[in-house]
Amino acid sequence: MFKSNSKALLSKLGPLLGLLIIVIILTILNPSFATASNILNVLRQVSISALIAFGMTFIILTGGIDLSVGSTLALTGAVAASMLASGMDPTLTMFVALLLGTILGAINGIIIAKGKVAPFIATLATMTIYRGLTLVYTEGRPISGLGDSISFQMLGKGYFFGIPVPVVTTAIAFGVLYFILHKTTFGRRVYAIGGNEDASRLSGINVDRVKIAVYSLTGTLAALSALILTSRLNSAQPTAGTSYELDAIAAVVLGGTSLTGGRGWIFGTLVGALIIGVLNNGLNLIGVSSFFQQVVKGAVILIAVLLDRKKTV
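Draft legend 1. Structural view of the side chain of Arg131. Along the chain, the position of Arg131 falls in helix α5 (residues 119-138). Within the buried set, Arg131 has no salt-bridge partner at all; the shortest N-O distance to an opposite charge, 5.6 Å, is to Glu245. Among the polar contacts made by the side chain of Arg131, one reaches the main-chain carbonyl oxygen of Pro238 at a distance of 2.9 Å.

Right, here's the structure in full:
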């Protein structure tokens, strides 16, 4: 039994050990990697993708997937930017953007739960639709001139006791979502559905409601990421969020969550997002070509998937 528990603990801590090894190697190759300013820069960059990945964790735990998160980010960011450019109150703007993200996520959930469409197909379709709506809304041009609201600028560029506000926001989101997933009845239902959907339905769990809720949650987090990114850049690009869905899925898989659902934890996703962020930053610092960086990232993800398959066989 001790051996079994040790193996399970090692499996959970594997991604964290991998992150530490990568950090040590990059620090040896370029000591400037471990400076405080660079670490904060990495955390700021990771915050946007980590928020989306947190939502993706809930979805993948139910056995689903969401390819539309990048397009949701783009559309909600464009709407928020246009509202700010027209002089709208920043607080109202942020509320509308978050509400829009929730609605877009709920649409995914309804199509999947009520329309009985496979998550991959449903979100592939909405990914294209939401991106198309973004291009129509912006006419394919960036939206800038967002005003000088201090509260909105703080969201992406501000500091709280020396720590970037996006990092603080992500930390708070992580704490709340960790509690929801691991300490509440809703979280247990998420795991149950991913483990065996039919058995969950027979045991009285409203599977459709839970699915709609997790997709809505992911839409909300994508919108929050959009607000942070828009604030940081002081503009909204119609191409924003491209390939973010792949980074989110990669972070979840690297963190040890099974693509078949029912097994994983959100702390692992945070570590997975950090691994991707550290790799991107570290490879840049040591002068690795951006083209080859894609190869390295893909290889790391492939290894993680193969290890996951080995554990489930």
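On we go from here.
Draft legend 2. Focus on the packing of helix α7 (residues 165-183) against helix α8 (residues 185-195). As a packed pair, α7 and α8 sit with axes 5 Å apart at the nearest point and diverge in direction by 65 degrees. It follows from the interaxial angle that α7 and α8 lie roughly perpendicular. Together, Ile180, Leu181, His182 and Lys183 of α7 and Phe186, Gly187, Arg188, Val190 and Tyr191 of α8 make up the contact between the two elements. Tallied by class, the residues present in the contact of α7 with α8 amount to 5 nonpolar, 2 polar and 2 charged.

Draft legend 3. Representation of the pattern of salt bridges. Across all of its chains, the model carries 7 salt bridges by this definition. Of the charged contacts in the structure, one is a salt bridge between Lys116 and Asp208, with a shortest N-O distance of 3.7 Å. Within this pair, whereas Lys116 is found in the loop between α4 (90-113) and α5, its partner Asp208 is found in helix α10 (residues 207-233), the two being separated by 92 residues in sequence. On the basis of relative accessibility, which here comes to 58%, the residue Lys116 falls in the exposed class. One salt bridge connects Asp208 with Arg201, and the closest N-O pair in it is separated by 4.0 Å.

Draft legend 4. Helix α11 (residues 244-254), seen in detail. For α11, the buried fraction is high: 8 of the 11 residues fall into the buried class. Among the residues making up α11, those that are buried are Glu245, Ala248, Ile249, Ala250, Ala251, Val252, Val253 and Leu254.

Draft legend 5. How the structure looks around the packing of helix α2 (residues 36-61) against helix α12 (residues 266-285). Where α2 contacts α12, the two axes come as close as 8 Å, and the packing angle between them is 140 degrees. Comparing their axes, α12 and α2 come out oblique. Crossing of α2 over α12 shows right-handed handedness. In this structure, α2 uses Asn38, Asn41, Val42, Leu43, Gln45, Val46, Ala50, Ala53, Phe54, Thr57 and Phe58 to contact α12, whose residues at the interface are Ile266, Thr269, Leu270, Ala273, Leu274, Gly277, Val278, Asn281 and Leu285.

Draft legend 6. Spotlight on unusual backbone geometry. Here Glu139, not a glycine, exhibits a phi torsion of approximately 60 degrees, which is positive. Position of Glu139 relative to the elements: it lies in the loop between α5 and α6 (150-157). The backbone phi angle of Asn234 is positive, close to 55 degrees, even though this residue is not glycine. Assignment of secondary structure puts Asn234 in the loop between α10 and α11.

What counts as what
- Residues numbered from 1 in each chain as written.
- Predicted model: local features only at pLDDT ≥ 70, side-chain atom pairs only at ≥ 80, totals over all residues.
- Heavy atoms only, no water.
- Helix = DSSP H or I, 4+ residues; strand = E, 2+ residues; numbered from the N terminus.
- Buried < 20%, exposed > 50% of the residue type's maximum accessible area, 1.4 Å probe, protein only.
- Lys, Arg positive; Asp, Glu negative; His and termini not counted.
- Salt bridge = Lys/Arg side-chain N within 4 Å of Asp/Glu carboxyl O.
- Polar contact = N/O pair within 3.5 Å; in protein donor to acceptor, adjacent residues only side chain to side chain.
- Axes fitted to C-alpha atoms, helices over the stretch in contact; angles between N-to-C directions.
- Parallel < 35°, antiparallel > 145°, perpendicular 65-115°, else oblique.
- Contact = heavy atoms within 4.5 Å.
- Nonpolar A, V, L, I, M, F, W, Y, C, P; charged D, E, K, R; others polar.
- Left-handed = near helix turned anticlockwise from the far one by under 90°.

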